[in-house]
Amino acid sequence: MRRIIVHSGSLIFEMSASKRVAVVTGSNKGIGYAIVRGLCTQFQGDVILTARSEANGQEALKKLNAEGLKPVFHQLDITDGTSVQRMRDFLQKNYGGLDVLVNNAAIAYKSEIDKLQSEFSGTCEVENPPYGAQKIAATEPFSEQADVTMATNFWGTLNACKVLFPLLRPHARVVHVSSIAASMTAVKCSQELQTRFLDPELSMLKIEQLMNEFVESAKTGTHKANGWHDSAYGMSKIGVNLMAFVQQRELNADCRPDIVVNSCCPGDVATDMTSCIGMKTIDEGADTPLYLAMLPANTTSPRGHFVVEREIQNIL
């Protein structure tokens, strides 16, 4: 077994150059489940199905096994730092690295989904709830919805990336499952905020500041007055799309060649989160995420883009 020493910031990892591995977060059902199913037939290596609930994950595993597919299950809650670290340690011990990471786990409150479907005439995708959960009842105040939604969709995804990115091997592919709701939300924000979204010198620190400002404004009830649109889900996905852009720019300067990060909208998919209302099946919704996860070596485009139906789209 050939070993490769990889330096990533202040961390040094000894990576195995043997068996490849792909991880899909929030994949016990819905689009994440379909992505795992697709990777099992397209990806040369082990595919890790994850869920917050051990029981839900094992149930999903049994269903895929019945189809003749052999993914591996590992518990993962992206809002739990210890859980993410256990995933990192598992990958390091058993594979020595990571080749594909699909960040699919996300949440949305029922009122958000109903509002988005009404505002955008069903053109936006709101992906499956993570870990097989149902839509969250929208009885909480918007301030709480903003805080909880951002904690999973943006901060959970970002933390998973911070912990797992040092394991990425050369030619690795990262896919953030996002939504066209991000673009629809962005155009409803103030011009000043839109300018900040499109800042050519945008950094991760600036993105974090934007997401924090939104949540703090929501907590004080001033988010509309401060130029934010009234959508916690849409705002969290703006953060995810901007994250992909900045991460790709940072990885372009990394010593590991050809690591590609993109975000995408799966389309109008019928899942639990959308009350099974949508034009696409989960397997059809998995098409663009799978396309991005399987981009060939030395891909020049898309890189750091937002992709819809396999086509690059502007975030605004």
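### Quick look at helix α3 (residues 81–94)
An α-helical turn contains 3.6 residues, so a residue and the one three or four places further along point in the same direction.
Move 1: With 14 residues, α3 should cover 20 Å at 1.5 Å per step; its first-to-last C-alpha distance of 20 Å lies within 8% of that length.
Move 2: Taken together, the buried positions of α3 are S83, V84, M87, F90 and L91. Buried residues of α3 fall within an arc of 115 degrees about the axis and therefore sit on the same side.
Move 3: In this structure D80 caps α3, since a side-chain oxygen of it lies 3.0 Å from the backbone nitrogen of T82.

### Quick notes on the environment of A51
Move 1: Tracing the chain through its elements places A51 in strand β4 (residues 46–51).
Move 2: A51 sits 27 residues away from I78 along the chain, and the two C-alpha atoms are 9.5 Å apart.

### A short note on empty space enclosed by the protein
Move 1: Under the definition given, this model contains one cavity of 30 Å³ or more.
Move 2: A volume near 40 Å³ is recorded for the largest cavity.
Move 3: Lining of the largest cavity is provided by A182, S183, A186, F197, I238, N241, L242, I315 and L316.
Move 4: Those elements that place two or more of their residues in the lining of the largest cavity are α6 (181–186) and α9 (232–252).
Move 5: Partitioned by chemical class, the residues of the lining of the largest cavity number seven nonpolar, two polar and no charged.

### A look at the nonpolar core
Move 1: Counting 50 residues, the largest nonpolar core has L91, L98, F197 and M235 as the members making the most contacts within it.
Move 2: The contacts of M235, once residues within four sequence positions are left out, are M150, T185, C189, F197, M211, F214, W228 and H229.
Move 3: Of all hydrophobic cores here, the second largest spans 31 residues; its members include A22, L61, V102 and L292.

Calculation criteria
Residues numbered from 1 in each chain as written. Predicted model: local features only at pLDDT ≥ 70, side-chain atom pairs only at ≥ 80, totals over all residues. Heavy atoms only, no water. Helix = DSSP H or I, 4+ residues; strand = E, 2+ residues; numbered from the N terminus. Expected span 1.5 Å × (residues − 1). Buried < 20%, exposed > 50% of the residue type's maximum accessible area, 1.4 Å probe, protein only. Arc of directions from axis to C-beta. Polar contact = N/O pair within 3.5 Å; in protein donor to acceptor, adjacent residues only side chain to side chain. 1 Å grid on protein atoms, 1.4 Å probe; cavity = no way out; pocket = protein on both sides within 12 Å on 5 of 7 lines; lining within 4 Å. Points joined across faces, edges and corners; volume = space filled by probe spheres on them. Nonpolar A, V, L, I, M, F, W, Y, C, P; charged D, E, K, R; others polar. Core = buried A, V, L, I, M, F, W, Y, C linked by side-chain atoms within 4.5 Å. Contact = heavy atoms within 4.5 Å.

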